[in-house]
Amino acid sequence: MASSTVRPEDQDRIDEHDVARRLLDSSAKLSYDPVTEVDWDTPLDKDFHGASPEWSTLYGTAYWNELTDAQRKELTRQEAASVASTGIWFEMILQQMVLRDIYTTDATDPRFQWALTEIADECRHSIMFARGAAKLGAPAYRPRRAVVELGRAFKTLAFGEAAYAAILVAEEVLDVMQRDWMRDERVAPFVRTINNIHVVEESRHMKFARDETRKRLRNAGPLRRRINAFVIAVASYFIVTSMVNREVYANAGLDTRRALAEAAANEHHKSLMRSSCSGLMEFLASARLLTRPALALYKRAHLI
């Protein structure tokens, strides 16, 4: 008599296919074209911020209190552009890691097709961020050269859970701040539209990254978990600490040395980062990726 019992590994494969199909269906129903959705033609209105003021690295400091309203708005525009530029940098790393991961995958597999859909999303996001930063009147901010080279190594060598969990960290941190910005009427309307598009579409990417991280760790031993926990924490540290380029202060007309010192000591911003990452840290803890060395790096980056 034939058994109707499905083997665990076959059930896992069925579940993974179902997740990918749902993500593909969601993408077909709810995706945006930034070329037509974002108002690129209306000139920049400098009466608006580029990000919610509370997210500024100087908010709550003595220096912030001395700034004029126009200076505060210019600073948040430069900071928002820097975050967008960092997003482009990491999205380019993400695309290469995902392409490498699916290089020999069955093209008929819904997971393969979803991965290509995610890459297509990221291409559109990068162009959207680039145009948004230019409209904010900002230069092309880049991480420090050493960080760029570390990113080059990471995109070449990272695989499995290290790649997908690092993707999740970058997307989660951006997601939390952008949810605030997209609802804030003090923020320039075109920036709010950009943030809304990114939040909606990245929610699918985060779902996929969580599922892939869990799947890759399913049979991982203690040593592999410890190594990858540290690699993910290192990647997270450099992603988060590269979000606001030091040049934003000079480009906003501020004293860079004083701004850097007050930003580094800004307890309000540190607290905001920690609270915004609580859900992310819960996920990493559930995946047993919060080892002692990893925790030290997350604390240093003010993520926990």
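Provided above is the structure to which this section pertains.
Quick caveat: nothing in here was measured; it's all calculated off a predicted structure.

Reading the values: rules and limits
Residues numbered from 1 in each chain as written. Predicted model: local features only at pLDDT ≥ 70, side-chain atom pairs only at ≥ 80, totals over all residues. Heavy atoms only, no water. Helix = DSSP H or I, 4+ residues; strand = E, 2+ residues; numbered from the N terminus. Contact = heavy atoms within 4.5 Å. Axes fitted to C-alpha atoms, helices over the stretch in contact; angles between N-to-C directions. Parallel < 35°, antiparallel > 145°, perpendicular 65-115°, else oblique. Left-handed = near helix turned anticlockwise from the far one by under 90°. Nonpolar A, V, L, I, M, F, W, Y, C, P; charged D, E, K, R; others polar. Buried < 20%, exposed > 50% of the residue type's maximum accessible area, 1.4 Å probe, protein only. Polar contact = N/O pair within 3.5 Å; in protein donor to acceptor, adjacent residues only side chain to side chain. Salt bridge = Lys/Arg side-chain N within 4 Å of Asp/Glu carboxyl O.

(A) Quick look at the environment of Trp 114. Tracing the backbone through its elements, the reader meets Trp 114 in helix H5 (residues 110–135). Through-space distance from the C-alpha of Trp 114 to that of Leu 23 is 7.0 Å; in sequence the pair is 91 residues apart. Those residues within four positions of Trp 114 in sequence are excluded, and the remaining contacts are Ala 20, Leu 23, Leu 24, Ser 27, Asp 121, Arg 204, His 205 and Phe 208.

(B) Expanded view of the packing of helix H4 (residues 69–101) against helix H6 (residues 145–157). One way to put it is that H4 packs onto H6 with a least axis distance of 8 Å and a crossing angle of 20°. Considered as vectors, H4 and H6 are oriented roughly parallel to each other. As H4 runs across H6, the sense of the crossing is right-handed. Contact with H4, carried on its side by Trp 89, Ile 93, Gln 96, Met 97 and Arg 100, involves Val 147, Val 148, Gly 151, Phe 154, Lys 155, Thr 156 and Leu 157 of H6 and no other residues of that element. Along the lines of polarity and charge, the residues of the contact of H4 with H6 split into seven nonpolar, three polar and two charged.

(C) Examining the side chain of Asp 109 more closely. Note that Asp 109 resides in the loop between H4 and H5. Taking relative accessible area as the criterion, Asp 109 reaches 9% and is therefore assigned buried. Among the polar contacts listed, one links the side chain of Asp 109 to the side chain of Arg 111, at a separation of 2.8 Å.

(D) Spotlight on the pattern of salt bridges. Enumeration over the complete set of coordinates arrives at 21 salt bridges. Between Arg 179 and Asp 175 there is a salt bridge, with its nearest N and O atoms 2.8 Å apart. Residue Arg 179 and its partner Asp 175 are located together in helix H7 (residues 160–183), separated by four residues, close to a single helical turn. Arg 179 sits in the partly exposed class, given a relative accessible area of 29%.

Nothing here speaks to function; it is geometry throughout.
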